[in-house]
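# Examination of the molecular architecture
Next come the chains, spelled out residue by residue.
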Amino acid sequence: MAIGKVFLIGAGPGDPGLFTLKGKACLEAADVVVYDRLVAPELLAYARHDATTVYVGKEAGYHTLPQQEINQLLVNEALAGRTVARLKGGDPFVFGRGAEEAEELVAHHIPFEVVPGVTSAIGALAYAGIPVTHRDLSSGFHVVTGHECLQSTGVNWGLFTAENQTLVILMGISHLEEIAQRLMAAGRNPATPTAVVRLGSTPQQQVLLGELGSIAPIVREANLRPPATVVVGNVVRLAETLRWFDPD
Ligand code: SAH
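Reference entry: report on the structure contained in this document. Here, residues in each chain are numbered from 1, in the same order as that chain's written sequence. Where local features are concerned, this predicted model is filtered to residues with pLDDT of at least 70; where side-chain atom pairs are given and counted, the filter is 80 or more; whole-chain, interface and lining totals use all residues. Side-chain figures throughout are based on the complete set of non-hydrogen atoms in the structure, without hydrogens or water.

This part covers the sheet that holds strand β1 (residues 6–10). Two strands pair under a simple rule: DSSP has to find at least two bridges between them. The numbering of helices and of strands both runs from the N terminus, where a helix is a DSSP run of H or I of at least 4 residues and a strand a run of E of at least 2. Strands sit in the order β3-β2-β4-β1-β5 across an open sheet of five strands; the sheet is parallel. For this open sheet the edge positions go to β3 (52–55) and β5 (112–115), each flanked by a neighbour on one side alone. Taking the axes of each pair of neighbouring strands and ignoring which way they run, one obtains an average angle of 15° across the sheet. Strand direction decides the pairing type here: strand β2 (residues 32–35) and strand β4 (residues 84–88), joined by four bridges, are parallel. Paired with Val-33 across the strands is Ala-85, a residue of β4. Helix α2 (residues 67–79) contacts β1, β2, β3 and β4 of the sheet and is inclined by roughly 155° relative to β4. Sheet strands in contact with helix α3 (residues 98–107) are β1, β4 and β5, and its direction is about 170° off that of β1. Geometry is summarised by axes, namely lines fitted to C-alpha atoms with helices restricted to the contacting stretch, and by angles between N-to-C directions that run from 0 to 180 degrees. We call two residues in contact whenever any of their non-hydrogen atoms come within 4.5 Å of each other.

What follows is the structure, encoded as structure tokens:
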């Protein structure tokens, strides 16, 4: 029997309208759809009626299926000759362990394709009226994980202190206090405009605005829960002016 192909597909940050045409074509062709928690449920409507859909969770702190079992599932389905659509939030290669899944497929000689998606690092901010760059305010951006901030192997926050650089932190909401402290200790100005965007591009989108020195208590008081993206930099000032998406 021929080995099935696996498509690693980015589902975008939340708004189903941001899904790509190629992603849609892959979903329509799939025998099996394996999807994460942050994937817009509307997208599953593109799957065939006879396709098997498997929810594999993925939430901060715990996975419904451990990564090893997700990898195994993809391998087993492909080896059984089925076409697999692996739907992941945002872009499949921006955190979220898409690269590890691809490595596992290579190890088993399983053909695969990657279908990029709109990453929340850019898309969720855009829906909050925050451009990641601006000619006068930011000449570039960094996207880092806030998840590893307490590990010695983790992020070197001292690399992100320049005023003309935007810093986007994914998975950082639970450690926001420490992250802000470390950035300021490394030299980032406490007055740097800072925003937190939760569930960006969805009807539940929430945006909190503050400064690097004040954002952690603001987030704590609002009792904001993941998934949320933190953005530090002068571009955050534009959020008031460029705000265009009003989910209410
Ligand atoms: N591959 C994904 C990121 C996976 S890591 C991507 O490219 O977007 C999961 C983190 O992404 C969350 O902890 C949160 O920081 C961020 N995230 C995902 N969806 C989001 C959304 N709709 N709004 C804001 N942040 C989001």
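A separate point is the nonpolar core. Grouped together as the largest cluster of nonpolar side chains are 21 residues, with contacts concentrated most on Trp-157 and Val-196. For this core, the leading source of residues is helix α5 (residues 176–186), giving four residues. Residues belong to a common nonpolar core when they are buried Ala, Val, Leu, Ile, Met, Phe, Trp, Tyr or Cys residues joined through side-chain atoms within 4.5 Å. Under the scheme applied here, a residue whose accessible area is under 20% of the maximum for its type counts as buried, over 50% as exposed, and between as partly exposed, the area being computed with a 1.4 Å probe on protein chains only. Ile-9, Ala-11, Leu-27 and Ala-40 belong to the second largest nonpolar core, which has 17 residues in total.

On the basis of which strands lie adjacent, the open sheet formed by five strands has the order β6-β7-β10-β8-β9 and mixed pairing. Each of the sheet's edge strands pairs with one partner strand only, and the pair in question is β6 (140–145) and β9 (206–211). Strand after strand, the sheet turns through a mean of 20° between neighbouring axes, direction not considered. Strand direction decides the pairing type here: β6 and strand β7 (residues 165–170), joined by six bridges, are parallel.

This next bit is on the site of the ligand. Close contacts around the ligand come from 17 residues, with Val-94, Thr-119, Ser-120, Ala-228 and Thr-229 the closest. Polar contact is the term for a pair of N or O atoms within 3.5 Å; when the atoms are in protein, one must be able to donate a hydrogen and the other to accept it, and sequence-neighboring residues count only if both atoms are side-chain atoms. Backbone polar atom of Gly-89 to a nitrogen atom of the ligand: 3.0 Å apart, as the coordinates give it. At 2.7 Å, a backbone N or O of Ala-228 approaches an oxygen atom of the ligand. Within the complex, 91% of the 550 Å² of free accessible area of the ligand lies under protein. Elements with a minimum of two residues in the shell around the ligand: α4 (120–126) and β10 (228–232). For this classification, the nonpolar set comprises Ala, Val, Leu, Ile, Met, Phe, Trp, Tyr, Cys and Pro, the charged set comprises Asp, Glu, Lys and Arg, and every other residue, Gly included, is treated as polar. Considered class by class, the residues forming the shell around the ligand number 10 nonpolar, six polar and one charged. Domain delimitation follows an automatic or database domain assignment. Split by domain, the shell around the ligand shows at least three residues from each of two domains, domain 1 (6–115) and domain 2 (120–238). In this text, near means that some heavy atom of the residue lies within 4 Å of the molecule or strand in question. Using a 1.4 Å probe, the Shrake-Rupley method yields the accessible areas, and only the shown protein chains count as cover for residues.

Burial of β7 is extensive: six of the six residues sit out of reach of the surface. Along β7, one buried face is formed by Gln-165, Leu-167 and Ile-169 and the opposite face, lined by Thr-166, Val-168 and Leu-170, is buried too. Here β7 pairs with β10 via three bridges, running antiparallel. The residue of β10 that forms the bridge with Leu-167 is Val-232.

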